[in-house]
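# A closer look at the structure
So you can see what is in the structure, the chains are spelled out below.
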Amino acid sequence: METKTIPESGMTFGPFDEDLVFHVEKSQTYKNIEENVKICEFFYLDRKNANERVVILEAKSSSPHPGNKTDFPNYTWEILEKFSNTMQLAISTLLFRHESAKQEVPQPFKKLNLETANFHFILVIRGHKSEWLDPLKSELAHLLIPTKKLWNLKEPVITVINEDIARKRGLTK
C-alpha cells in the first residue's frame, strides 16, 4: 500500500495510507472554489473506532497568547471558519457535488457511510507551549458547540496539540 506525507507549517504529517487521506488544500475541487473559502490542509479517514470518522486537520506554525484580547479571538474564529468550511467541503465532496471529486476522492471515502460517520477536528501548532493548549482547546470547543449539535457529533469533537504531542501520536515524523 502506498503512503503519503504532507509537509505543512514546518511539520511533516504522516505517513498516511494514500487511500485514507485527501489533501483537500491541493485538490482540484478546492482550486475550483478557493476564492474567499478558507480551509484546512487535509482530512483523513480514521478507522480505529467502531464507527469510521473523518479527521479534519489544521496545522499552524504559531498562535497568539490566550491572554491577547484581540489576536486570540481573531485566531480562534479563523480556525473555526477553516474547520467549518472543510467539513462542509468534505461532505459536499463525498456526495460528489463537485464534478472533480469523482476522480480525486480515494475509494475508501467513496464507500464512507455519511449517516454514521463522525467528524473530528485536530489543530496542531508547531512550537506551541503546552500550557497554552487547554485555553485554546476550550475556546474552540465552545465555538464548535453549534457544529456539534447540528451534526450530532460525538465527543471528543476537538483536539489541540503541539508538534511534540503530534509526533508521539504518530501524526508527524
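Report on the accompanying structure.

The rules we used
Residues numbered from 1 in each chain as written. Predicted model: local features only at pLDDT ≥ 70, side-chain atom pairs only at ≥ 80, totals over all residues. Heavy atoms only, no water. Buried < 20%, exposed > 50% of the residue type's maximum accessible area, 1.4 Å probe, protein only. Helix = DSSP H or I, 4+ residues; strand = E, 2+ residues; numbered from the N terminus. Arc of directions from axis to C-beta. Pairing = 2+ DSSP bridges. Contact = heavy atoms within 4.5 Å. Axes fitted to C-alpha atoms, helices over the stretch in contact; angles between N-to-C directions. Core = buried A, V, L, I, M, F, W, Y, C linked by side-chain atoms within 4.5 Å. Expected span 1.5 Å × (residues − 1). Salt bridge = Lys/Arg side-chain N within 4 Å of Asp/Glu carboxyl O. Phe/Tyr/Trp six-rings, centres within 6.5 Å; stacked < 30°, edge-to-face > 60°. Polar contact = N/O pair within 3.5 Å; in protein donor to acceptor, adjacent residues only side chain to side chain.

Within helix 5 (residues 133-143) the residues assigned to the buried category are L133, L136, L140 and L143. An end-on view of helix 5 places all buried positions within 100 degrees of arc, on one side of the element. Opposite the packed face of helix 5, turned more than 90 degrees from it, sit the exposed residues D134 and H142.

With respect to topology, five strands assemble into an open sheet ordered 3-4-5-6-7, the strand pairing being mixed. Since the sheet does not close on itself, it has two edges, and those belong to strand 3 (21-22) and strand 7 (158-162), each with one partner. In the packing of helix 5 onto the sheet, contacts are made with strand 6 (118-125) and strand 7, and the angle to strand 7 comes to roughly 155 degrees.

This next bit is on the nonpolar core. In this structure, I56, F83, F121 and L123 are the most contacted members of the largest nonpolar core, which totals 38 residues. When residues of this core are traced back to their parent elements, those giving at least two are strand 4 (42-46), strand 5 (53-60), helix 2 (71-94), strand 6, helix 5 and strand 7. The element best represented in this core is helix 2, accounting for ten residues. In this structure, L123 is in contact with E58, K60, Y75, I79, F83, L136, L140, T159, V160 and I161, ignoring residues within four places of it in sequence. Core analysis: the next-biggest nonpolar cluster, separate from the first, contains 15 residues, I6, L57, V124 and I161 among them.

End to end, helix 2 covers 34 Å across 24 residues, agreeing with the expected 34 Å (1.5 Å per residue, within 8%). Following helix 2 by one or two positions, F96 has its phi on the positive side, about 55 degrees.

The final tally for this structure, using the stated rule, is ten salt bridges. Among the ionic pairs, E78 bridges to K60, the shortest N-O distance being 3.2 Å. Taken together, the residues span a long stretch of sequence, with E78 in helix 2 and K60 in strand 5 at a distance of 18 residues. Residue E78 is classed as partly exposed on the basis of its relative accessible area, which comes to 24%. For K60, a relative accessible area of 15% corresponds to the buried category. A salt bridge links D164 to R167, with the nearest nitrogen and oxygen atoms 3.3 Å apart. Of the two residues, D164 and R167 both sit in helix 7 (residues 163-168), three residues apart, roughly one turn of that helix. Since its relative accessible area comes to 43%, D164 is described here as partly exposed.

Time to look at the packing of aromatic side chains. All chains considered together, the criterion is met by seven aromatic pairs. Ring centres 6.3 Å apart and planes at 35 degrees place the aromatic pair F42 and Y44 in the tilted group. Here F42 matches Y44 in class, with each residue buried. Each member of the aromatic cluster is reached from another via a ring pair, and the members are F13, F16, F42 and Y44.

Turning our eyes to something else, we now look at the environment of D164. Sequence separation of D164 and R126 is 38 residues, and the distance between their C-alpha atoms is 8.2 Å. Among the polar contacts listed, one links the side chain of D164 to the side chain of R167, at a separation of 3.3 Å.

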